[in-house]
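# Per-entry structural report
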Amino acid sequence: MNKKSVLVSGGAGYIGSHTAVELIAAGYDVVIADNLSNSDMSGVEGVRAITGVDVPFVNVDCCDREAFAELFAKYDFDSVIHFAAFKAVGESVADPMKYYHNNLLSFINIVELMLASGKHNIVFSSSATVYGEADELPVTEATERKPATSAYGNTKQMCEDILRDSVAAYPQLKGIALRYFNPIGAHPSALIGELPRGVPQNLVPYITQTAAGVRECLSIFGDDYPTPDGSCLRDYIDIVDLAKAHVAAIDRMVEDKNKERYEIFNVGTGRAVSVFELVNTFERVNNLKLNYKVAPRRAGDVVAVWADTTLANNELGWHAERSLDETLKSAWEWEKRVRNIK
Ligand code: UFG
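Criteria and cut-off values
Residues numbered from 1 in each chain as written. Predicted model: local features only at pLDDT ≥ 70, side-chain atom pairs only at ≥ 80, totals over all residues. Heavy atoms only, no water. Buried < 20%, exposed > 50% of the residue type's maximum accessible area, 1.4 Å probe, protein only. Helix = DSSP H or I, 4+ residues; strand = E, 2+ residues; numbered from the N terminus. Pairing = 2+ DSSP bridges. Right-handed = clockwise from strand over helix to strand, strands pointing away. Contact = heavy atoms within 4.5 Å. Polar contact = N/O pair within 3.5 Å; in protein donor to acceptor, adjacent residues only side chain to side chain. Core = buried A, V, L, I, M, F, W, Y, C linked by side-chain atoms within 4.5 Å. Salt bridge = Lys/Arg side-chain N within 4 Å of Asp/Glu carboxyl O.

Turning our eyes to something else, we now look at the pairing of strand β2 (residues 29-34). With 5 of 6 residues buried, β2 lies mostly within the body of the structure. As paired strands, strand β1 (residues 5-9) and β2 are joined by 5 bridges and run parallel to one another. Bridged to Val 6 within β2 is Val 30. Following the chain from β1 across helix α1 (residues 14-25) to the adjacent parallel β2, one finds a crossover that is right-handed. Bridge count between β2 and strand β3 (residues 57-59): 3 bridges; the pairing is parallel. Bridge assignment links Ala 33 to a residue of β3, and that residue is Val 58.

So, in C-alpha coordinates, the structure goes:
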(Lines give C-alpha, C1' and ligand atoms only; values in the text may rest on other atoms or scores of the structure.)
Protein backbone atom coordinates (compact mmCIF):
# COMPACT_ATOMS: atom_id res chain seq x y z
CA MET A 1 0.00 0.00 0.00
CA ASN A 2 1.53 3.32 -1.05
CA LYS A 3 1.45 5.44 2.09
CA LYS A 4 2.33 8.54 0.14
CA SER A 5 -0.69 8.28 -2.13
CA VAL A 6 -4.08 9.86 -1.48
CA LEU A 7 -7.48 9.56 -3.16
CA VAL A 8 -9.20 12.93 -3.18
CA SER A 9 -12.93 12.50 -3.77
CA GLY A 10 -14.49 15.73 -4.98
CA GLY A 11 -11.01 16.85 -5.99
CA ALA A 12 -12.26 18.93 -8.91
CA GLY A 13 -14.14 21.22 -6.52
CA TYR A 14 -13.15 24.28 -4.59
CA ILE A 15 -11.60 22.80 -1.44
CA GLY A 16 -10.59 19.53 -3.11
CA SER A 17 -8.53 21.18 -5.86
CA HIS A 18 -6.62 23.40 -3.42
CA THR A 19 -5.96 20.39 -1.21
CA ALA A 20 -4.68 18.33 -4.16
CA VAL A 21 -2.14 21.10 -4.87
CA GLU A 22 -0.87 21.16 -1.29
CA LEU A 23 -0.69 17.36 -1.06
CA ILE A 24 1.43 17.24 -4.20
CA ALA A 25 3.65 20.05 -2.86
CA ALA A 26 4.14 17.92 0.27
CA GLY A 27 5.28 14.93 -1.78
CA TYR A 28 2.08 12.91 -2.05
CA ASP A 29 0.76 11.23 -5.18
CA VAL A 30 -2.85 12.20 -5.73
CA VAL A 31 -5.75 10.60 -7.57
CA ILE A 32 -8.76 12.83 -8.12
CA ALA A 33 -12.23 11.29 -8.29
CA ASP A 34 -15.17 13.51 -9.14
CA ASN A 35 -18.41 13.23 -11.11
CA LEU A 36 -18.28 16.95 -11.97
CA SER A 37 -21.85 17.37 -10.71
CA ASN A 38 -20.96 20.74 -9.19
CA SER A 39 -17.60 21.43 -10.82
CA ASP A 40 -15.83 21.07 -14.14
CA MET A 41 -12.45 20.04 -15.46
CA SER A 42 -11.00 23.51 -14.94
CA GLY A 43 -10.29 22.59 -11.31
CA VAL A 44 -8.31 19.52 -12.33
CA GLU A 45 -6.54 21.40 -15.11
CA GLY A 46 -5.65 24.11 -12.62
CA VAL A 47 -4.12 21.55 -10.26
CA ARG A 48 -2.08 20.14 -13.13
CA ALA A 49 -0.94 23.60 -14.25
CA ILE A 50 0.10 24.71 -10.76
CA THR A 51 1.93 21.50 -9.85
CA GLY A 52 3.24 20.46 -13.26
CA VAL A 53 2.01 16.96 -12.42
CA ASP A 54 -0.35 15.07 -14.70
CA VAL A 55 -2.64 14.17 -11.82
CA PRO A 56 -4.87 11.17 -12.63
CA PHE A 57 -8.54 12.07 -12.81
CA VAL A 58 -11.38 9.54 -12.71
CA ASN A 59 -14.91 10.67 -13.58
CA VAL A 60 -16.91 8.61 -11.12
CA ASP A 61 -19.93 9.03 -8.88
CA CYS A 62 -18.93 7.84 -5.40
CA CYS A 63 -22.49 6.52 -5.02
CA ASP A 64 -21.92 4.15 -7.95
CA ARG A 65 -20.52 1.28 -5.96
CA GLU A 66 -19.24 -0.84 -8.86
CA ALA A 67 -17.52 1.99 -10.69
CA PHE A 68 -16.04 3.29 -7.46
CA ALA A 69 -14.78 -0.19 -6.54
CA GLU A 70 -12.88 -0.32 -9.84
CA LEU A 71 -11.02 2.82 -8.88
CA PHE A 72 -10.08 1.31 -5.52
CA ALA A 73 -8.75 -1.77 -7.31
CA LYS A 74 -6.85 0.20 -9.94
CA TYR A 75 -4.97 2.77 -7.83
CA ASP A 76 -2.54 2.12 -5.04
CA PHE A 77 -3.38 4.59 -2.27
CA ASP A 78 -3.65 4.25 1.47
CA SER A 79 -5.58 7.39 2.41
CA VAL A 80 -8.76 9.10 1.30
CA ILE A 81 -9.91 12.67 1.77
CA HIS A 82 -13.63 12.74 1.18
CA PHE A 83 -14.91 16.06 -0.13
CA ALA A 84 -17.50 14.81 -2.61
CA ALA A 85 -20.85 16.02 -1.26
CA PHE A 86 -23.69 18.41 -1.92
CA LYS A 87 -23.41 21.55 0.18
CA ALA A 88 -26.31 23.95 -0.36
CA VAL A 89 -28.08 24.36 2.97
CA GLY A 90 -31.37 25.73 1.56
CA GLU A 91 -31.60 23.12 -1.18
CA SER A 92 -31.10 20.40 1.41
CA VAL A 93 -34.14 21.64 3.33
CA ALA A 94 -36.24 21.64 0.14
CA ASP A 95 -34.99 18.26 -1.08
CA PRO A 96 -33.56 16.33 1.87
CA MET A 97 -33.47 12.96 0.10
CA LYS A 98 -31.10 14.34 -2.51
CA TYR A 99 -28.71 15.08 0.36
CA TYR A 100 -29.23 11.92 2.39
CA HIS A 101 -28.83 9.75 -0.68
CA ASN A 102 -25.73 11.40 -2.09
CA ASN A 103 -23.83 12.48 1.02
CA LEU A 104 -24.44 9.34 3.07
CA LEU A 105 -24.18 6.72 0.36
CA SER A 106 -20.92 8.08 -1.04
CA PHE A 107 -19.35 8.07 2.41
CA ILE A 108 -20.65 4.59 3.26
CA ASN A 109 -19.12 3.35 0.01
CA ILE A 110 -15.80 4.93 0.90
CA VAL A 111 -15.65 3.31 4.32
CA GLU A 112 -16.71 -0.10 3.02
CA LEU A 113 -14.29 -0.02 0.10
CA MET A 114 -11.43 1.08 2.38
CA LEU A 115 -12.19 -1.91 4.60
CA ALA A 116 -12.50 -4.32 1.68
CA SER A 117 -9.22 -3.19 0.13
CA GLY A 118 -7.16 -2.99 3.32
CA LYS A 119 -6.65 0.77 3.24
CA HIS A 120 -6.25 2.82 6.38
CA ASN A 121 -6.75 6.56 6.64
CA ILE A 122 -9.87 8.67 6.14
CA VAL A 123 -10.20 12.43 6.38
CA PHE A 124 -13.79 13.62 6.36
CA SER A 125 -14.84 17.16 5.38
CA SER A 126 -17.04 18.26 8.22
CA SER A 127 -18.32 21.69 9.05
CA ALA A 128 -18.77 24.21 11.82
CA THR A 129 -22.44 23.82 11.03
CA VAL A 130 -22.42 20.88 13.50
CA TYR A 131 -22.13 23.42 16.36
CA GLY A 132 -25.29 25.31 15.37
CA GLU A 133 -25.96 28.28 17.67
CA ALA A 134 -23.29 27.36 20.18
CA ASP A 135 -23.65 27.95 23.91
CA GLU A 136 -20.00 28.94 24.25
CA LEU A 137 -17.73 30.91 21.93
CA PRO A 138 -15.27 30.32 20.51
CA VAL A 139 -16.21 26.67 19.98
CA THR A 140 -13.80 23.90 20.87
CA GLU A 141 -14.02 20.37 19.55
CA ALA A 142 -15.61 19.45 22.88
CA THR A 143 -18.40 21.99 22.45
CA GLU A 144 -21.64 20.11 22.19
CA ARG A 145 -23.06 19.56 18.73
CA LYS A 146 -26.55 20.97 18.27
CA PRO A 147 -29.39 19.18 16.46
CA ALA A 148 -28.98 19.95 12.79
CA THR A 149 -31.41 22.42 11.25
CA SER A 150 -30.89 21.21 7.67
CA ALA A 151 -30.45 17.87 5.94
CA TYR A 152 -27.04 19.13 4.82
CA GLY A 153 -25.98 19.73 8.43
CA ASN A 154 -27.45 16.41 9.44
CA THR A 155 -25.37 14.56 6.84
CA LYS A 156 -22.23 16.19 8.27
CA GLN A 157 -23.14 14.95 11.76
CA MET A 158 -24.13 11.51 10.51
CA CYS A 159 -20.93 11.04 8.51
CA GLU A 160 -18.87 12.10 11.53
CA ASP A 161 -20.70 9.40 13.49
CA ILE A 162 -20.22 6.80 10.76
CA LEU A 163 -16.49 7.52 10.84
CA ARG A 164 -16.31 7.49 14.65
CA ASP A 165 -18.16 4.19 14.94
CA SER A 166 -16.27 2.55 12.08
CA VAL A 167 -12.90 3.48 13.51
CA ALA A 168 -14.00 2.17 16.92
CA ALA A 169 -15.09 -1.13 15.44
CA TYR A 170 -12.50 -1.82 12.72
CA PRO A 171 -8.90 -1.65 13.97
CA GLN A 172 -7.60 -1.23 10.44
CA LEU A 173 -9.07 2.29 10.16
CA LYS A 174 -8.00 5.70 11.36
CA GLY A 175 -10.12 8.80 10.87
CA ILE A 176 -9.96 12.56 11.21
CA ALA A 177 -12.96 14.85 10.86
CA LEU A 178 -11.99 18.40 9.99
CA ARG A 179 -14.63 20.94 10.92
CA TYR A 180 -14.24 23.81 8.49
CA PHE A 181 -15.37 27.28 9.36
CA ASN A 182 -15.95 29.59 6.37
CA PRO A 183 -13.48 28.85 3.56
CA ILE A 184 -12.77 31.82 1.29
CA GLY A 185 -10.22 33.10 -1.23
CA ALA A 186 -8.31 31.46 -4.03
CA HIS A 187 -4.89 30.09 -4.90
CA PRO A 188 -2.29 32.86 -5.32
CA SER A 189 -1.80 31.77 -8.93
CA ALA A 190 -5.49 32.54 -9.61
CA LEU A 191 -5.59 29.26 -11.54
CA ILE A 192 -8.06 27.67 -9.14
CA GLY A 193 -10.77 29.21 -6.97
CA GLU A 194 -14.43 29.04 -6.07
CA LEU A 195 -16.75 28.72 -9.07
CA PRO A 196 -20.34 28.57 -7.83
CA ARG A 197 -23.03 27.58 -10.31
CA GLY A 198 -25.91 30.04 -10.55
CA VAL A 199 -26.49 32.67 -7.90
CA PRO A 200 -23.87 32.37 -5.16
CA GLN A 201 -25.23 31.40 -1.75
CA ASN A 202 -22.07 32.35 0.13
CA LEU A 203 -20.86 35.79 1.03
CA VAL A 204 -17.48 36.10 -0.68
CA PRO A 205 -18.47 34.82 -4.14
CA TYR A 206 -21.47 37.14 -3.97
CA ILE A 207 -19.14 40.02 -3.14
CA THR A 208 -16.69 39.26 -5.95
CA GLN A 209 -19.48 38.78 -8.50
CA THR A 210 -21.01 42.10 -7.42
CA ALA A 211 -17.65 43.81 -7.81
CA ALA A 212 -17.36 42.23 -11.26
CA GLY A 213 -20.79 43.54 -12.26
CA VAL A 214 -22.32 40.07 -12.56
CA ARG A 215 -24.64 40.82 -9.61
CA GLU A 216 -26.16 44.22 -9.12
CA CYS A 217 -26.06 44.57 -5.38
CA LEU A 218 -24.94 42.57 -2.38
CA SER A 219 -27.57 42.09 0.32
CA ILE A 220 -26.22 42.09 3.84
CA PHE A 221 -28.55 39.77 5.66
CA GLY A 222 -29.36 41.58 8.89
CA ASP A 223 -27.81 44.50 10.79
CA ASP A 224 -29.78 44.03 13.99
CA TYR A 225 -28.05 40.99 15.46
CA PRO A 226 -26.65 41.24 19.01
CA THR A 227 -23.09 41.79 17.74
CA PRO A 228 -20.90 44.94 17.84
CA ASP A 229 -22.00 46.18 14.38
CA GLY A 230 -25.27 44.22 14.13
CA SER A 231 -24.12 41.78 11.41
CA CYS A 232 -23.26 38.11 11.90
CA LEU A 233 -19.83 36.94 13.02
CA ARG A 234 -17.96 34.14 11.26
CA ASP A 235 -14.46 32.70 11.13
CA TYR A 236 -13.24 33.09 7.53
CA ILE A 237 -10.44 30.65 6.79
CA ASP A 238 -8.17 31.05 3.79
CA ILE A 239 -8.56 28.23 1.28
CA VAL A 240 -4.83 27.52 1.01
CA ASP A 241 -4.50 27.42 4.78
CA LEU A 242 -7.47 25.08 4.90
CA ALA A 243 -5.89 22.87 2.24
CA LYS A 244 -2.70 22.66 4.31
CA ALA A 245 -4.69 21.45 7.31
CA HIS A 246 -5.58 18.37 5.24
CA VAL A 247 -1.93 17.67 4.55
CA ALA A 248 -1.23 17.92 8.29
CA ALA A 249 -4.09 15.51 9.00
CA ILE A 250 -2.84 12.96 6.45
CA ASP A 251 0.77 13.31 7.68
CA ARG A 252 -0.42 12.68 11.22
CA MET A 253 -2.07 9.38 10.32
CA VAL A 254 0.58 8.20 7.84
CA GLU A 255 3.33 8.91 10.37
CA ASP A 256 1.34 7.35 13.22
CA LYS A 257 1.38 10.54 15.25
CA ASN A 258 -2.33 10.51 16.02
CA LYS A 259 -3.20 10.21 19.72
CA GLU A 260 -6.56 8.56 19.09
CA ARG A 261 -7.60 6.59 16.04
CA TYR A 262 -10.53 8.97 15.53
CA GLU A 263 -9.92 12.66 16.03
CA ILE A 264 -11.72 15.94 15.33
CA PHE A 265 -10.12 19.31 14.61
CA ASN A 266 -11.56 22.76 14.11
CA VAL A 267 -10.06 24.45 11.09
CA GLY A 268 -10.45 28.19 11.40
CA THR A 269 -8.43 31.29 12.29
CA GLY A 270 -9.81 31.81 15.79
CA ARG A 271 -10.90 35.30 14.75
CA ALA A 272 -14.50 36.51 14.48
CA VAL A 273 -15.18 38.81 11.53
CA SER A 274 -18.49 40.56 10.89
CA VAL A 275 -20.15 40.80 7.48
CA PHE A 276 -19.57 44.59 7.47
CA GLU A 277 -15.91 44.12 8.38
CA LEU A 278 -15.47 41.61 5.59
CA VAL A 279 -17.11 43.91 3.04
CA ASN A 280 -15.06 46.93 4.20
CA THR A 281 -11.84 44.93 4.07
CA PHE A 282 -12.64 43.71 0.57
CA GLU A 283 -13.21 47.30 -0.57
CA ARG A 284 -10.04 48.58 1.06
CA VAL A 285 -7.58 45.94 -0.10
CA ASN A 286 -8.91 45.92 -3.65
CA ASN A 287 -9.42 49.66 -3.83
CA LEU A 288 -13.00 49.56 -5.04
CA LYS A 289 -16.52 50.38 -3.90
CA LEU A 290 -19.08 47.67 -3.58
CA ASN A 291 -22.77 48.19 -4.18
CA TYR A 292 -24.49 46.81 -1.10
CA LYS A 293 -27.62 47.26 0.98
CA VAL A 294 -28.90 45.94 4.27
CA ALA A 295 -31.60 43.30 3.82
CA PRO A 296 -33.68 41.24 6.28
CA ARG A 297 -32.05 38.39 8.16
CA ARG A 298 -31.63 35.12 6.25
CA ALA A 299 -33.54 32.19 7.73
CA GLY A 300 -31.32 29.66 9.43
CA ASP A 301 -28.27 31.90 10.00
CA VAL A 302 -26.59 31.58 13.38
CA VAL A 303 -25.59 34.87 15.00
CA ALA A 304 -21.98 33.99 15.61
CA VAL A 305 -19.57 31.11 15.35
CA TRP A 306 -15.81 31.08 15.44
CA ALA A 307 -13.19 28.53 16.31
CA ASP A 308 -10.91 27.82 19.18
CA THR A 309 -8.02 26.44 17.14
CA THR A 310 -5.77 25.39 20.02
CA LEU A 311 -6.11 21.71 19.26
CA ALA A 312 -5.27 22.01 15.56
CA ASN A 313 -2.41 24.38 16.39
CA ASN A 314 -0.88 22.10 19.02
CA GLU A 315 -1.66 18.66 17.66
CA LEU A 316 -1.54 19.14 13.90
CA GLY A 317 1.19 21.77 14.15
CA TRP A 318 -0.98 23.78 11.79
CA HIS A 319 -1.77 27.50 11.90
CA ALA A 320 -3.76 29.78 9.64
CA GLU A 321 -1.12 31.96 7.99
CA ARG A 322 -2.61 34.16 5.32
CA SER A 323 -4.12 37.45 6.45
CA LEU A 324 -7.70 38.41 5.62
CA ASP A 325 -6.27 41.17 3.39
CA GLU A 326 -4.29 38.67 1.30
CA THR A 327 -7.20 36.26 1.14
CA LEU A 328 -9.67 38.87 -0.06
CA LYS A 329 -7.17 40.09 -2.64
CA SER A 330 -6.82 36.54 -3.93
CA ALA A 331 -10.62 36.18 -4.14
CA TRP A 332 -10.80 39.27 -6.35
CA GLU A 333 -7.83 38.22 -8.50
CA TRP A 334 -9.60 34.93 -9.16
CA GLU A 335 -12.92 36.59 -10.03
CA LYS A 336 -11.12 38.99 -12.38
CA ARG A 337 -9.45 36.10 -14.13
CA VAL A 338 -12.72 34.21 -14.50
CA ARG A 339 -14.47 37.32 -15.91
CA ASN A 340 -11.56 38.53 -18.04
CA ILE A 341 -11.32 41.78 -16.11
CA LYS A 342 -7.93 43.54 -16.36
N1 UFG B 1 -24.32 36.78 3.86
C2 UFG B 1 -24.83 37.99 3.45
N3 UFG B 1 -25.14 38.12 2.13
C4 UFG B 1 -24.99 37.13 1.22
C5 UFG B 1 -24.47 35.88 1.67
C6 UFG B 1 -24.16 35.76 3.00
O7 UFG B 1 -24.98 38.92 4.23
O8 UFG B 1 -25.31 37.32 0.04
C9 UFG B 1 -23.95 36.63 5.28
C10 UFG B 1 -24.72 35.53 5.98
O11 UFG B 1 -25.94 36.00 6.47
C12 UFG B 1 -23.73 35.14 7.07
C13 UFG B 1 -22.36 35.39 6.42
O14 UFG B 1 -22.60 36.26 5.34
O15 UFG B 1 -23.86 35.99 8.15
C16 UFG B 1 -21.71 34.13 5.90
O17 UFG B 1 -22.63 33.46 5.05
P18 UFG B 1 -22.19 32.26 4.10
O19 UFG B 1 -23.41 31.82 3.36
O20 UFG B 1 -21.01 32.67 3.29
O21 UFG B 1 -21.70 31.15 5.10
P22 UFG B 1 -22.48 30.45 6.30
O23 UFG B 1 -21.79 30.84 7.54
O24 UFG B 1 -23.94 30.67 6.25
O25 UFG B 1 -22.30 28.93 5.90
C26 UFG B 1 -21.05 28.35 5.81
C27 UFG B 1 -21.05 27.27 4.75
C28 UFG B 1 -21.96 26.16 5.13
C29 UFG B 1 -21.66 25.69 6.51
C30 UFG B 1 -21.65 26.83 7.48
C31 UFG B 1 -21.20 26.38 8.84
O32 UFG B 1 -21.47 27.79 3.51
O33 UFG B 1 -21.76 25.11 4.23
O34 UFG B 1 -20.76 27.83 7.05
O35 UFG B 1 -21.20 27.40 9.76
F36 UFG B 1 -22.56 24.79 6.92
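In this section: the environment of Lys 259. One can find Lys 259 in the loop between α8 (239-254) and β11 (262-267). The spacing of Lys 259 and Glu 315 is 56 residues in sequence and 8.8 Å in space, taken between C-alpha atoms. Excluding its chain neighbours within four sequence positions, the residues that come into contact with Lys 259 are Arg 252 and Glu 315. Side-chain polar atoms of Lys 259 contact the side chain of Glu 315, separated by 2.6 Å.

Let us now look at the nonpolar core. Formed by 39 residues in total, the largest nonpolar core has its most connected members in Leu 23, Val 30, Leu 178, Ile 250 and Trp 318. Residues Phe 72, Val 111, Met 114 and Leu 163 belong to the second largest nonpolar core, which totals 28 residues.

Counted by the stated rule, this structure contains 24 salt bridges. Linking Arg 164 and Asp 165 is a salt bridge whose minimum nitrogen-to-oxygen distance equals 2.9 Å. According to the relative accessible area criterion, Asp 165 is partly exposed, its value standing at 42%. Across the pair Arg 339 and Glu 335 runs a salt bridge, and its minimum N-O distance is 2.6 Å. Of this pair, Arg 339 and Glu 335 both sit in helix α11 (residues 324-339), 4 residues apart, which is roughly one turn of that helix. For Arg 339, a relative accessible area of 33% translates into the label partly exposed. Within the structure, one salt-bridge network assembled from shared partners comprises Arg 145, Glu 160, Asp 161, Arg 164, Asp 165 and Arg 179.

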